[in-house]
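Summary of structural features
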Amino acid sequence: MKPIAPVAVLAAAYLLVPLLLGGNAYLMTLLVSALIIAGIALAWALLGNLGGMVSFGHAAFFGVGAYTSALLSMQAGLPVLLAIPLGGLGAALAAVAVLPALRLSGPYFALAILAYAHIFRILATELKSLTGGSAGILGIPGLPTLGGLELGSRNGQYLLVLTVVLAFIALYRAIWRSDYGLALRAMHDSEDATRVVGVNSTLLKAAMLFVSAFMTGTIGALNAHVINFLDPDYAFSGAWTIVPIAAAIFGGYRTLGGPLLGAIAVYLLDQLLFKALFPSGHQIILGVLLGAMILLSPNGLLPWISRRLQRRPATEVRHAAA
Amino acid sequence: MLQLDNIAVRFGGLNVLTDVNFAMETGEVVGLVGPNGAGKTTLFNVISGLVRPVSGRVVFDGRDMLRAPLYQRARAGLGRTFQIPQPMHELTVRENLRVAQRFGRGRVDEARIDEILDFLKLRPKAQADAASGLALSELKALEVGKALATEPKLLLLDEVLAGLETHGKRLFMQTLLALRERFGIGILIIEHDIETISNLCQRVCVLDFGKVIADGTPQAVFEDPQVIKSYTGGAAHA
Amino acid sequence: MTELILQSLYSGLLVGGAYALIALGLALVFGTMKIINLAHGELVLLAAYVAYTAESQFGLNPLASIPFALVIVCASAVLVYLLVSRIRVNRELNSLILTFGLGIILTNAVLIVWSANIRSTSSAWLQDAVVLGPLFSMRSEVVFFVLSLALAGGLWWWLSRSWYGRAVRAVSSNRDAAKLMGIDPVRTELVSFVVAGVLASVAGVAIYSSSVIQPALGHALTIKAFIITVLAGIGSMPGVLLGAVLLGVTESLTVTLASSALQELAGMVLFLLVLFVMPNGLFGGARRRG
Amino acid sequence: MHSTASHPRATRLRTLALAVALALGSFAAQAEEFVVGSQIPLTGSLARVGNGMLEGIKVAVEVFNARNTGNTIRLEVIDDESVPAKAVAAVEKLAADKVVALSGGYGSNLIGPASEAAEKAGLTYVTSGGVSDELTRRGLKHFFRINNNAGYAKAMAGLFEEMKLSSVAIVYSTKDATEGLAKAVAADLEAHGIKVTLHAFDPAITDFKPIINKVRLQDRAEGIAMVGYENDYVGILRAAKVLKPSSVKAVVGVWSLATAQMAQEFPELMPQVYGTAMLPFPVEFKSEAGRQFATAYERLYHKEPDYLGQFGYVQSMLLFEAIDRAAKNGTLAKGGLSEELRRTDAETIIGQVTFDANGDNPHFSHRMGQHQNGKVALVWPDAEATAPKQFPGVPW
Amino acid sequence: MLEVNRVRAGYGAINVLWDLSLTIREGEVTAIIGPNGAGKTTLLRAIMGLIPLSQGDIALHGDSLAGRQTWSIARHGISLIPEGRLVFRDMTVEDNLTMGAFPNSRRAGVAHNLARVYELFPRLAERRRQLAGALSGGEAQMVAIGRGLMAEPSVLLVDEPSLGLAPVMVQEIFGILERLKAEGRTIVLVEQNTHLALSLADHVHLMQAGRLLLSEPAPRVDLQRLHDLYFAR
């Protein structure tokens, strides 16, 4: 069953979803939005898991990526599909400014990066000649048609964002499994222990910051070409931080699939269910989810589910011994 | 091989090490002893780079290491263990060695990892979770294994025997003796058990109040009245 | 120009007083438990809305609503502590995420209960001008500046003279040693949360009395408080007062000398600079001695 | 796995439900009920204004359905949470639900992407919630707006020009709508030889004394123009009340200021302050249409209508009437609604409304009100004035 | 009065005490000596509840202390003067001492006890307003001892008071312990310095590797044998 499962999930995601739901533009829009959140959640989790850093300011990278791509495609006239990865690079470049924050730990890092998000937002507002100031940018070109596939349609957007998110999962997995990933995971509880065996921990952490920023920026760029609109408040909105964190924590930020699962679950639940229950202030549920997960199952939903599914005696024994 | 000149370390006004001068030759096995709080672990931290001294020089293998970050010292051939084992969490035993080898030595050599695992009798636990699946003696062995995997020229062992039962202690000591034979590397070891030190080392260095008070063969050192005094406070055999 | 700058310094000073009130509670809990309560700003906001309800429903002067705010906010602070204290693993970061979640809950609860309308006091007395030569201010600013100084003084007295205040410092200085003195650290931490609640209550009423509140404000208040805590250096209560005034003055001088559009930017840049260049804060130096 | 979907009985039930739904749907069509969608912020940062506009839209539904034209309107509302992506999603959901048109939207940032989504779906989108010039520059075929930046700037600048002030300090928030308006007013005033100084402020700031002190000591302006939102007005007015800049003869703001709510909540700050207003307070309508609106509003919400409700009402009424006309001449099903709406030329409670090729209303000009003795009187333009302005006059 | 019965305890995976039993008698000075890593400090920490017992029991006057919280044990009348002093570094000397009298029942006597501590350590009286973090090692040890005395404990556990102190200071500290002994206090002294420990003790326990190697009244202890055991010769 094991090897079949991922193939089945992929087939369902690529074929079944567009076939069954493709006609419902609203649902497809929700799915695209959920995948956007999933992309950020994944990048956030990567930084937390491999770099050991909790960020409260991923909106900074999201916004920079979005602006970079929008401006490159509109002012420099670059093709959208080229501008998007360059948006990711732009965000990675912005991460250079964040490098001094790597020396900070825990809450200091988390909130320093939030300060960056604020600073970038104010800069985007003030640099009017470049960004159009608070009026923002309307009419950002949409996704092109590629080999007969209309990427700009809802289904096309879905397939493209899905592919990018899956590619990021693959990248994340490759890093995770590499020796660098091993060293990064090892650094968590015992940074000194890894440094004394020759690991340049600062360099590796910086690399993870760049990777995470690149992913977030790329997603931000994608979103800009999906929504066709940007302004500073929107591009650097705290929502680009809050919802992905809730999603990653909910799904299980220590797993590869957790952020994706969490984002889809949290976003769809929020939009289809909670919104109906609490017409105003339904974000309250996100807060409750976040708190409950931290208190009851800090590792998230996915590990909890897999524990439930494979309740083998062996694991029980090991947990009892631990 | 290793040379320390006038090392001084202060923690908030307290002199932890004062004017420590110490040198080791290639392949030498030296014991570092002294009462609690004498500054032994601090000296290890100075050598491996965790603590920056206020003055002095650290020269290893002909290179001035004072400003070198930890990972560079490790790559230059300085391996160390921690008094309280610090396995790399979330990783298996084999992965622990792999990381040490990959980053400390620069490339991975599975055969060599197997060799170390066999040597430290960790082979059966190779796939075990380092943080939760090991007994204390195995954790201690893993500490040494990680250091060995970096292919050090000098190994700093901080109380690798403490907390072991008598039997485990004996076994581990044999391992350490074999280590010197097998890999031909220098060892600087902190150990309280005087029997162990006497069996293992050709030379013993005694620290007290952050100063070197004796340096010589185990016999000579443990007969030294000043050493006995520092250990027991009394005028022992005098 | 001199008059402009004088007024700007004075405004900054008064604003700093209000900032200090917001930051003291956060800094106290941070100093005691090494936990950043990201819901602190929301507790302040809760007090502000209690004052609004008291004024709009019962015609109470905001100053008179402080006791009611105390009860509600302190009870909420205790609840926050009880939840935070249940965290066992990776407390530093998990508490950050938990209190972040609690902040979201409180913000939306405020939105549901009080709606998104902006609120502020209608008390004429509080809004009247107080003129000191070339210096102008609103009465509420002066009242709460004085109150802020008094509370900071009271906090200082509590931490240095009272049994429980000193126990709070003992626990934060060395938890094990404090236990050896017969101090129950859990109870002590609870007390520090309650005291933070008291400070948050007054801070909330101050904000309601001198500026405008709306449900999304809590998050911004937490950020301000954290910036000040970093400027101050952990655990330095006089530092909080000075850091708050420094931030207030920096902001108002930015408005006077450059542009008010850059005010927030100046605060953030100051924060990052201090964080990178002096990680122990501007006023934490004395503590590192010895 | 315990799936019931494949169970034969469940399948039969589904078929039945589908049949019932279809039957109901066709029944509704026979009754000539048209569903109009509304994508509007009911939560998030624009919650307050969004809810205000929605009240007006609902009143329009009520009034229109009471007219017995043979056609009725049903409203389907989706909260966009003040988030652009959700605004787009909302429009798409409404399109999927087969609404005939959209009335709503608030904030140029939300209306922009939402109206583009509506354009793609071929749906008529009518709004009054975003004044950015950019919106009507896009050349959308199905986008209509009854108000615009120019109308606000016209009113504000017109009032200042009438006062014959020599200098005006414009204090504005760095938000999109406010910045655009501030720049337009500045250009207009400068064209009339009035000296203008501009003071931008970050939306997060609360202490305005340093700014007002600059106005007092450096600008020595005769008028203060505030372009912001309620919280900014309160901050600016408090600072001004404290500093009492002696050169100032009038304080003028824009939206959400000359309202009953502000008069009631901040009685100390409001005296003699000007703001854009379509209605005096207490409300007095001269026209029959106005009275009809006010009565319905009163009945539904038990309070006096405000300007948000008024705009929401007007845009919706114009839309419903166009739907009615299009349905009757048979162009509705063929996508002729936008053309029908473009033929509008109506005298409404916000003045005359027609639409140009871009959907903009060239006639739009706001009116200015002034807080006078706890009431709001219309003071500009003269034709609409309910009382003479008290000038010079400031709240201190 | 204090019974340690077959106690096994340690730090996580590392077990330190192996089924250790011993008895502390009222009014005596009991010295626990042994080389580094013997488990002496661990024993004191186990008595205070700072580390949990994995086996066995500890009882004061017959009341079991197992499973009780440290602060509750401290209020019960046992004071530990910890190794490395553990003073509250950013509090003044006087505040440090005062915290020793934190339990409700002791607060009334705070003035009297402060005066007594200052009489014992005149040097602390001079520095009462100084931050404890700025003190020398010997002074910090005085603060730690004084702080322990503020609670008027029925048992005083002293962990390595000579550690890291200059010889003059060691003498001064032991002079104080001498005085406390003369007052008839029950003291448990953990010390590496056998000579000093023996000079003060009524009863001596020698620990090694978490076990009791020798337990006899001080006068009967043969130094030569002790050192042979100590250096494992």
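It should be emphasised that the depicted structure is a prediction, and the values quoted were computed from it without experimental measurement.

Structural notes on the sheet that holds strand β10 (residues 211-216) of chain B
Residue and element names in this part refer to chain B. The strand order across the open sheet built from 6 strands is β6-β7-β8-β3-β9-β10, with neighbouring strands paired in mixed fashion. Every other strand in the sheet has two partners, leaving β6 (78-80) and β10 as the edge strands with one partner each. When the angles between neighbouring strand axes are averaged without regard to direction, this sheet yields 20 degrees. In terms of strand pairing, strand β3 (residues 29-33) meets strand β8 (residues 186-190) through 4 bridges, oriented parallel. Bridging across to β8, Leu32 finds its partner in Ile190.

Side note on the packing of helix α2 (residues 25-50) of chain A against helix α7 (residues 154-177) of chain A
All names here are of chain A. Between α2 and α7, the least distance of the axes is 9 Å, while the angle of their chain directions is 15 degrees. The angle between α2 and α7 places the two elements in the roughly parallel class. Here the hand of the crossing between α2 and α7 comes out left-handed. Its residues placed into classes, the contact of α2 with α7 shows 19 nonpolar, 5 polar and 1 charged.

Things to note about the interface of chain A and chain C
The interface is formed by 35 residues belonging to chain A together with 35 residues belonging to chain C. Both faces combined, the contact of chain A with chain C buries some 3,300 Å², and carbon together with sulfur accounts for 83% of it. Summed over the shared surface of chain A and chain C, the number is 0 salt bridges. Summed over the shared surface of chain A and chain C, the number is 1 residue pair in polar contact (both at pLDDT 80 or more). Listed by contribution, the elements that provide at least two residues to the side of chain A that touches chain C are α5 (106-126), α12 (239-251) and α14 (284-296) of chain A. Here the side of chain A that touches chain C is built from residues that sort into 26 nonpolar, 7 polar and 2 charged.

Thoughts on the sheet that holds strand β2 (residues 72-79) of chain D
To summarise the sheet geometry, strands pair through backbone hydrogen bonds and adopt either a parallel or an antiparallel arrangement. Residues and elements named next belong to chain D. Taken together, the 5 strands give an open sheet; going across it, the order is β2-β1-β3-β4-β5, and neighbouring strands pair in parallel fashion. Whereas interior strands pair on both sides, the edge strands pair on one side only; in this sheet they are β2 and β5 (143-145). Averaged over all adjacent pairs, the angle separating strand axes in this sheet is 25 degrees, with direction ignored. Sheet topology places strand β1 (residues 33-40) next to strand β3 (residues 101-103); 2 bridges connect them, and they run parallel. Its bridge partner being in β3, Gly37 is matched across the sheet by Leu102. Together, β1, β2 and β3 form the strand contacts of helix α3 (residues 84-96), whose direction differs from that of β1 by roughly 170 degrees.

So, the UniProt feature "transmembrane region" (unreviewed entry) in chain C
According to UniProt, the feature "transmembrane region" (unreviewed entry) maps to residues 12-30, 64-84, 96-116, 142-159, 190-210 and 265-286 of chain C in the numbering used here. This span, residues 64-84 of chain C, is 90% helix and 0% strand, and a straight line between its end C-alpha atoms measures 31 Å.

A short note on the side chain of Ser69(A)
Residues and elements named next belong to chain A. Along the chain, Ser69 turns up in helix α3 (residues 59-74). At 2.7 Å, the side chain of Ser69 and the side chain of His225 are in polar contact. For Ser69, the contacting residues outside a window of four places in its chain are Ala83, Ile84, Gly87, Ala221 and His225.

Here's the deal with the pairing of β8(B)
All names here are of chain B. With 5 of its 5 residues buried, β8 lies for the most part within the structure. Here β8 shows no split at all, with Gly186, Leu188 and Ile190 on one side and Ile187 and Ile189 on the other all buried. The pairing of strand β7 (residues 154-158) with β8 spans 5 bridges and is parallel. Residue pairing for β8: Leu157 is matched across the bridge by Ile189.

Each value, and the rule that gives it
Residues numbered from 1 in each chain as written. Chains lettered and ligands numbered in written order. Predicted model: local features only at pLDDT ≥ 70, side-chain atom pairs only at ≥ 80, totals over all residues. Heavy atoms only, no water. Pairing = 2+ DSSP bridges. Helix = DSSP H or I, 4+ residues; strand = E, 2+ residues; numbered from the N terminus. Axes fitted to C-alpha atoms, helices over the stretch in contact; angles between N-to-C directions. Parallel < 35°, antiparallel > 145°, perpendicular 65-115°, else oblique. Left-handed = near helix turned anticlockwise from the far one by under 90°. Nonpolar A, V, L, I, M, F, W, Y, C, P; charged D, E, K, R; others polar. Contact = heavy atoms within 4.5 Å. Buried area = accessible area lost by both parts, 1.4 Å probe. Salt bridge = Lys/Arg side-chain N within 4 Å of Asp/Glu carboxyl O. Polar contact = N/O pair within 3.5 Å; in protein donor to acceptor, adjacent residues only side chain to side chain. UniProt positions renumbered as here; feature names shortened; annotations may be inferred. Buried < 20%, exposed > 50% of the residue type's maximum accessible area, 1.4 Å probe, protein only.

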